[in-house]
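Residues per chain, in single letters:
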Amino acid sequence: MDTLFLARLQFALTSVFHFFFVPLTLGLSIFTAIMETAWVRTGKEKYRQLAKFWGHLFLINFAIGVVTGIVMEFQFGMNWSQYSRFVGDIFGVPLAIEALLAFFLESTFLGIWVFGWDRIPKGLHAASIWLVALGSNLSALWILVANSFMQSPVGFQMAADGSRAEMTSFSELLFNPYVWLQFPHVITAGITTGGFLVIAVSVWHLIRKTQDEDAFKTSLKFGAIYAFIGTVLVTMAGHTQMQEMVHNQPMKVAAAEALWETENPASFSLFTIGDEEKMEDVFSIRVPGMLSFLAYNNFSGEVKGIRELQEGAVTKYGPGNYIPSVITAYWSFRFMVGAGTLMLLAAAIALFKVIREDYTFGKLTAALLLSAFTLPFIANSAGWILTEMGRQPWIVVGLLKTEQAVTPASVVSGAELLTSVVVFTLIYSALTLVDVLLLKKYATAGLHGAE
């Protein structure tokens, strides 16, 4: 059994499972803080109830997210020991700061928030949930600092024997431009994810005219604004990130567009069936000049194709295949963009309804707003698949290939990896089911179920 494939499969499964929970945790922490702030400022009881309600859902998701995240770090030492040796001097620093600073900040003040109701002044209590939100989002920042080194290595030098990368500048690592492209994208994705859950749950209660109808009208109003702002910002952040990738990861862009040959102006693919071996289209519908516009805000501009980039990589790095899975990059990009487009539509409809103070929903509108909460999860997962798969065959771009990073088969066998893949998949599926069932139980119970 191919240990490289199994190690990649295991990490892909655990990271995708984990990332189901992360954006919702980020988004709900901020939304809960907004609700409690509204209570402190207005004194209205409905805001207090909403803060408890959404905080309860945040806690469920947070707990599952922590459990699934811890396992990922163990995999670096077990399945990816060669990678850990190569980047440990760099990768370990942001991960340690994430645990010692961000996670401890988050968990400490989460305890104060959970047990501090009616025990500490409400202003301090509201401050505690804002510190939880800060800790959650700082945690994401430090993870992205580590990930961005893999995407765009900075602030390092190679050891004298060439065996590993050594940090030379922590400030360069922290202020890596790639970090500050990824971070806004992830945070706004979290806001969007939280906002659409708020919309779906609020609409569910309003359709059924539950006893908390008035409070959920308020919740929907805040949720619609929150989701619309998040969707617009995540779209803008993604656009900015894509424009930067044209320069620092052109192969990822070319693969995401199935762009075999360099073009100027470059066309955008609406639908393509390609032959990866021959590097040519079998069938394609493309919009002339649109890719250049997305890349440069101009309908003219060169975007390098896969063939030229492969030839350049061979010249720079030596013989080998430097082309990622085009079908994976192409369709993950389209799932992300397609889900994002539908989110803009759904958020605009929800915002239009609350501006008019129209809380009645036809069957089509209700179906759209109730089901739209799944769209951020699709977009989030597809986006990370593109981010990680689009840089292959590199695990650290330009420095270390994925095949060089895996633990030797003599240390971790294929049978052991296969067993762990099966076990992790079963456990994570069970945890996801538990999370969904608990969220459904407390979401449908209403405000009094959170007391």
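Given the structure is predicted, the values throughout are model-derived calculations rather than measurements.

Reading the values: rules and limits
- Residues numbered from 1 in each chain as written.
- Predicted model: local features only at pLDDT ≥ 70, side-chain atom pairs only at ≥ 80, totals over all residues.
- Heavy atoms only, no water.
- Helix = DSSP H or I, 4+ residues; strand = E, 2+ residues; numbered from the N terminus.
- Buried < 20%, exposed > 50% of the residue type's maximum accessible area, 1.4 Å probe, protein only.
- Contact = heavy atoms within 4.5 Å.
- Areas by Shrake-Rupley, 256 points an atom, 1.4 Å probe, with all protein chains shown as cover.
- Lys, Arg positive; Asp, Glu negative; His and termini not counted.
- Charge placed at Lys NZ, Arg CZ, Asp CG, Glu CD.
- Expected span 1.5 Å × (residues − 1).
- Bend = angle between axes of the 7 residues up to and from the residue.
- Core = buried A, V, L, I, M, F, W, Y, C linked by side-chain atoms within 4.5 Å.
- Pairing = 2+ DSSP bridges.
- Phe/Tyr/Trp six-rings, centres within 6.5 Å; stacked < 30°, edge-to-face > 60°.
- Lys NZ or Arg CZ within 6 Å of the ring centre and 35° of its normal.
- 1 Å grid on protein atoms, 1.4 Å probe; cavity = no way out; pocket = protein on both sides within 12 Å on 5 of 7 lines; lining within 4 Å.
- Points joined across faces, edges and corners; volume = space filled by probe spheres on them.
- Nonpolar A, V, L, I, M, F, W, Y, C, P; charged D, E, K, R; others polar.

Visitor: Looking at this structure, I do not really get the overall build of the protein. What am I missing?
Guide: Within the protein, the secondary structure is distributed over 15 helices and 6 strands. By its C-alpha atoms, the protein is 65 × 50 × 40 Å across when sized along the principal axes. When the 451 residues of the protein are sorted by exposure, 51% land in the buried category. Sequence separation of at least 24 residues holds for 78% of the intrachain contacts in the protein that already meet a minimum separation of 6. If you sum the accessible surface of the protein, you get close to 20,000 Å²; carbon and sulfur atoms cover 68% of it. Of the side chains in the protein, 28 bear a positive and 33 a negative charge, and the two mean positions are spaced by 11 Å.

Visitor: I tried to follow helix 3 (residues 81-115) on my own but got confused; where do I start?
Guide: An α-helix turns once per 3.6 residues; consequently, residues spaced three or four apart project the same way. Helix length check: helix 3, at 35 residues, gives a terminal C-alpha distance of 41 Å against a target of 51 Å (1.5 Å per residue), a shortfall beyond 12%. Maximum bend of helix 3: about 85°, positioned at valine 87.

Visitor: Sorry, what's going on with the nonpolar core here?
Guide: One finds Trp54 and Tyr83 to be the most contacted residues of the largest nonpolar core, which totals 90 residues. Top element by residues in this core is helix 1 (residues 3-42). It accounts for 13 residues. With 28 residues, the next largest nonpolar core counts Ala295, Val303, Leu309 and Leu386 among its residues.

Visitor: Could you clarify how one ought to interpret the side chain of threonine 432 in this entry?
Guide: Relative to the helices and strands, threonine 432 resides in helix 15 (residues 414-445). For threonine 432, a relative accessible area of 18% translates into the label buried. If near-sequence neighbours (up to four positions away) are discounted, threonine 432 is found in contact with Phe17 and Phe21.

Visitor: So what exactly am I meant to see when it comes to the pairing of strand 3 (residues 268-275) here?
Guide: A regular strand places its side chains so that they alternate between the two faces of the sheet. One ladder, built from 7 bridges, connects strand 3 with strand 4 (residues 280-287); its direction is antiparallel. Its bridge partner being in strand 4, phenylalanine 268 is matched across the sheet by valine 287. What sits between the antiparallel neighbours strand 3 and strand 4 is a turn of 4 residues, in which methionine 279 has the positive phi angle 55°.

Visitor: Help me out: how do you make sense of the packing of aromatic side chains in this one?
Guide: Enumeration according to the criterion identifies 24 aromatic pairs in this entry. With 4.7 Å between their ring centres and 20° between their planes, phenylalanine 293 and phenylalanine 299 make a pair best called stacked. A relative accessible area of 49% places phenylalanine 299 in the partly exposed class. Clustering of aromatic rings is evident, with ring pairs tying together Phe31, Phe53, Trp54, Phe216 and Tyr226. A cation over a ring is seen here: arginine 334 above phenylalanine 268, with NZ or CZ 5.4 Å from the ring centre. When the ring centre of tryptophan 394 is taken as origin, the NZ or CZ atom of lysine 401, which lies over that ring, is 5.9 Å away.

Visitor: Which parts of the structure should I look at to understand the layout of surface pockets?
Guide: Using a probe with the size of a water molecule, rolled over the atoms, empty space left in the structure can be pinpointed. What the largest pocket holds in volume is close to 1,500 Å³. Phe11, Ser15, His18, Met72 and Ile143 are the residues nearest the centre of the largest pocket, which is lined by 47 residues in total. The set of elements that each furnish at least two residues to the lining of the largest pocket consists of helix 1, helix 2 (45-78), helix 3, helix 4 (122-151) and helix 13 (374-389). When residues in the lining of the largest pocket are grouped by element, the largest group, 13 residues, is from helix 1. Residue classes in the lining of the largest pocket are distributed as 30 nonpolar, 11 polar and 6 charged. What the second largest pocket holds in volume is close to 800 Å³. At the level of elements, helix 6 (179-207), helix 7 (213-248), helix 11 (326-355) and helix 13 are the ones that each hand at least two residues to the lining of the second largest pocket.

Visitor: Please explain empty space enclosed by the protein as it appears in this structure.
Guide: Within the structure shown, the criterion is met by 2 cavities of 30 Å³ or more. The computed volume of the largest cavity comes to approximately 50 Å³. As for the largest cavity, its lining consists of Met242, Met245, Lys252, Val253, Ala256, Glu257, Phe333 and Leu386. Of all the secondary-structure elements, those providing two or more residues to the lining of the largest cavity are helix 7 and helix 8 (250-256). Among the elements that make up the lining of the largest cavity, the one with the highest residue count is helix 8 (3 residues). Considered class by class, the residues forming the lining of the largest cavity number 6 nonpolar, no polar and 2 charged. Along its surface, the second largest cavity is lined by Gln10, Leu13, Thr14, Phe17, Val421, Phe424, Thr425 and Tyr428. In the lining of the second largest cavity, the residues fall into 5 nonpolar, 3 polar and no charged.

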